Amino acid sequence: YISANYATALIDTSKGVELKAYIGKYLYEKDIVVEYEYTTSWMFSRKRIRIIQPYRVRYGIDTSMTNLECECRDNSDVVQVSNLKPSVISCERFGLQLLEEEEGMWNKIHPDERALAQNQIEEQAREDAAKDPAAIYLTEMRFVELLNRESARQQSNTRYTLAPRD
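The paragraphs below set out a description of the structure included in this document.

1. Considering the sheet that holds strand β5 (residues 69-72)
Then step 1. A sheet is described by the order of its strands in space; here 3 strands give the open sequence β5-β6-β9, paired in mixed fashion. Taken across any chain shown, the strands that pair with only one partner, and hence form the sheet edges, are β5 and β9 (159-162). The mean angle between the axes of side-by-side strands here comes to 30°, regardless of whether they run parallel or antiparallel.
Then step 2. Taken strand by strand, helix α2 (residues 133-153) contacts β6 (78-82) and β9, and its axis lies near 170° from that of β9.

Written out as structure tokens, the structure is:
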């Protein structure tokens, strides 16, 4: 999912290590399935809305929005990159949605409740995606891979790695 069409990186090592990068699209994408259920009872009558929806989540790094840090030890060609802060760029529904509804005799489902459930599953999908540690890590690794490719393209000896986490 990463190519020169998706991202451009400019590396300037003439005065220490200064990194400027613009990520035009995504670095990593992942498909997730989100389930949302709303149940309520009134006068012994129960109603339930259950939605199962697949989403395609795209992750990226906007370096203009972070305090990106690069550290280069003296006499070393290895640059440690830290404070990347990957984020969800998009979270789009795809595929078929499973919608189950059960109404009680006295407790009917209203269209606004259905719309509210749709909005809730959208929010839940974004929240779940933003908390995915594997996707966050893979986005960071793809960014570092992009820097290393750009460095090699410029025939530089500089190599980029992720800084160890605390």
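What follows continues from the structure just given.
2. Regarding the pattern of salt bridges
Then step 1. One pass over the full model with this rule turns up 15 salt bridges.
Then step 2. Ionic pairing is found between Glu 100 and Arg 48, a salt bridge with its closest N-O pair at 3.0 Å. Placement of Glu 100 in strand β8 (residues 98-102) and of Arg 48 in strand β4 (residues 45-60) is noted, with a sequence separation of 52 residues between them.
Then step 3. Given the relative accessible area of 26%, Glu 100 is considered partly exposed.
Then step 4. Salt-bridge contacts for Glu 101 lead to Arg 114; the nearest nitrogen and oxygen are separated by 2.4 Å. With Glu 101 in strand β8 and Arg 114 in helix α1 (residues 111-130), the pair connects residues that are 13 residues apart, well separated along the chain.
Then step 5. Given a relative accessible area of 34%, Glu 101 falls into the partly exposed group.
Then step 6. Judged by its relative accessible area of 28%, Arg 114 falls in the partly exposed class.
Then step 7. Sharing partners across several salt bridges, the network here consists of Glu 35, Glu 37, Arg 46, Arg 48, Arg 50, Glu 100 and Glu 102.

3. Comments concerning a nonpolar patch on the surface
Then step 1. Taken together, the side chains of Trp 42, Met 43, Met 105 and Trp 106 make up a nonpolar region of the molecular surface, amounting to roughly 560 Å² of accessible area.
Then step 2. When you line up the elements, Trp 106 lands in the loop between β8 and α1.
Then step 3. For Trp 106, a relative accessible area of 54% gives the class exposed.

Reading guide: rules and limits
Residues numbered from 1 in each chain as written. Predicted model: local features only at pLDDT ≥ 70, side-chain atom pairs only at ≥ 80, totals over all residues. Heavy atoms only, no water. Pairing = 2+ DSSP bridges. Helix = DSSP H or I, 4+ residues; strand = E, 2+ residues; numbered from the N terminus. Axes fitted to C-alpha atoms, helices over the stretch in contact; angles between N-to-C directions. Contact = heavy atoms within 4.5 Å. Salt bridge = Lys/Arg side-chain N within 4 Å of Asp/Glu carboxyl O. Buried < 20%, exposed > 50% of the residue type's maximum accessible area, 1.4 Å probe, protein only. Patch = residues over 30% accessible without salt bridge, like charges linked within 9 Å, V, L, I, M, F, W, Y side chains within 5 Å. Areas by Shrake-Rupley, 256 points an atom, 1.4 Å probe, with all protein chains shown as cover.

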